[in-house]
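Structural overview
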Amino acid sequence: MKKILVTGGLGYIGSHVGISLLKKGYEVTLLDSLINSNLETLEKIKNIVKIESPEFGNNVEFAMGDIRDPMFLENVFEKARHTKNYDAVMHFAGLKSVEESLENPIKYWDFNVGGSLNLIKFMDKYECTTLIFSSSATVYGFFEGVPFTEESKINPLNPYAKTKAYIEKLTYDLNETDKNWRISNLRYFN
């Protein structure tokens, strides 16, 4: 059975991904700081899974903390190692308001880039080399032709989009230097 860490696990996208993984029988750790979510979501996830897939209702753990905190992440990965290392991380944690990022870019670089870099360091330390990163279609900036493609020009126009583009660049660099890494960057509007 695969073991997956879902950061931002109680947010809108993370919680839905968590439910899908649990229904398929994965062991899931939902990690969240509760900055953009609340603990009630955890109970809703458990109830949905228990009703629809009761055999997998106990495959979920919750870790409350901030991915920028090295001691917290060390504890999360170390705890997992006692049973089974994570097979993959699905990274949905981060701040997401374009407007707020314009008002406080330092906060966005700290949360989004700093947190992601810290997470990747611990993934590397614990030999978890599969990452699905929740990027954003805002990395394209203004674009006249639709639909966007992988070849569309990256031109982020605000701090939020720039943090997502920077993290993508980091994942590309990581993949180029170490072929053990398997990384997917998801670009979508939410």
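Below, the structure is looked at part by part. (Residues numbered from 1 in each chain as written. Predicted model: local features only at pLDDT ≥ 70, side-chain atom pairs only at ≥ 80, totals over all residues. Heavy atoms only, no water.)

As for the packing of helix 1 (residues 12-23) against helix 2 (residues 40-52)
The contact between helix 1 and helix 2 brings their axes to 10 Å, and the two run at 30 degrees. When the axis of helix 1 is compared with that of helix 2, the two are roughly parallel. The interaxial crossing formed by helix 1 with helix 2 has right-handed handedness. Note on element contacts: helix 2 touches helix 1 through T41, I45, I48, V49 and E52, opposite S15, I19, L22 and K23. Looking at the contact of helix 1 with helix 2 residue by residue, the class counts come to five nonpolar, two polar and two charged. (Axes fitted to C-alpha atoms, helices over the stretch in contact; angles between N-to-C directions. Helix = DSSP H or I, 4+ residues; strand = E, 2+ residues; numbered from the N terminus. Parallel < 35°, antiparallel > 145°, perpendicular 65-115°, else oblique. Left-handed = near helix turned anticlockwise from the far one by under 90°. Contact = heavy atoms within 4.5 Å. Nonpolar A, V, L, I, M, F, W, Y, C, P; charged D, E, K, R; others polar.)

Concerning the sheet that holds strand 6 (residues 182-186)
On the basis of which strands lie adjacent, the open sheet formed by six strands has the order 3-2-1-4-5-6 and parallel pairing. The open sheet terminates on both sides in strands that have one partner only, identified here as strand 3 (60-64) and strand 6. Adjacent strand axes in the sheet meet at a mean angle of 15 degrees, parallel and antiparallel pairs treated alike. The pairing of strand 1 (residues 3-7) with strand 2 (residues 27-32) spans five bridges and is classified as parallel. Counted as the bridge partner of V6 is L30 from strand 2. Here helix 1 sits on the sheet and contacts strand 1, strand 2, strand 3 and strand 4 (88-91); the angle it forms with strand 2, its principal contact strand, is near 165 degrees. Helix 6 (residues 159-177) rests against strand 5 (130-134) and strand 6 of the sheet, and its axis sits at about 160 degrees to strand 6. (Pairing = 2+ DSSP bridges.)

Focus: the environment of K3
Structurally, K3 is set in strand 1. You can call K3 buried: its relative accessible area is 4%. Separated by 2.7 Å, the side chains of K3 and T83 make a polar contact. Looking at K3, its side chain comes within polar contact range of the main-chain oxygen of K84, at 3.3 Å. (Buried < 20%, exposed > 50% of the residue type's maximum accessible area, 1.4 Å probe, protein only. Polar contact = N/O pair within 3.5 Å; in protein donor to acceptor, adjacent residues only side chain to side chain.)

Considering the packing of aromatic side chains
Applying the stated criterion across every chain yields a total of four aromatic pairs. Aromatic pair F77 and F122: ring centres 6.5 Å apart, planes at 20 degrees, arrangement stacked. Taken together, the positions of F77 in helix 3 (residues 70-83) and F122 in helix 5 (residues 105-125) put the pair 45 residues apart, joining distant regions of the chain. Both residues of the pair, F77 and F122, belong to the buried class. Judged by centre distance (5.5 Å) and plane angle (25 degrees), the ring pair of F77 and Y126 falls under stacked. Of the two residues, F77 sits in helix 3 while Y126 sits in the loop between helix 5 and strand 5, which places them 49 residues apart along the sequence. Across the pair, exposure class does not vary: F77 and Y126 are buried alike. What links up through ring pairs into an aromatic cluster is the set F77, Y86, F122 and Y126. (Phe/Tyr/Trp six-rings, centres within 6.5 Å; stacked < 30°, edge-to-face > 60°.)

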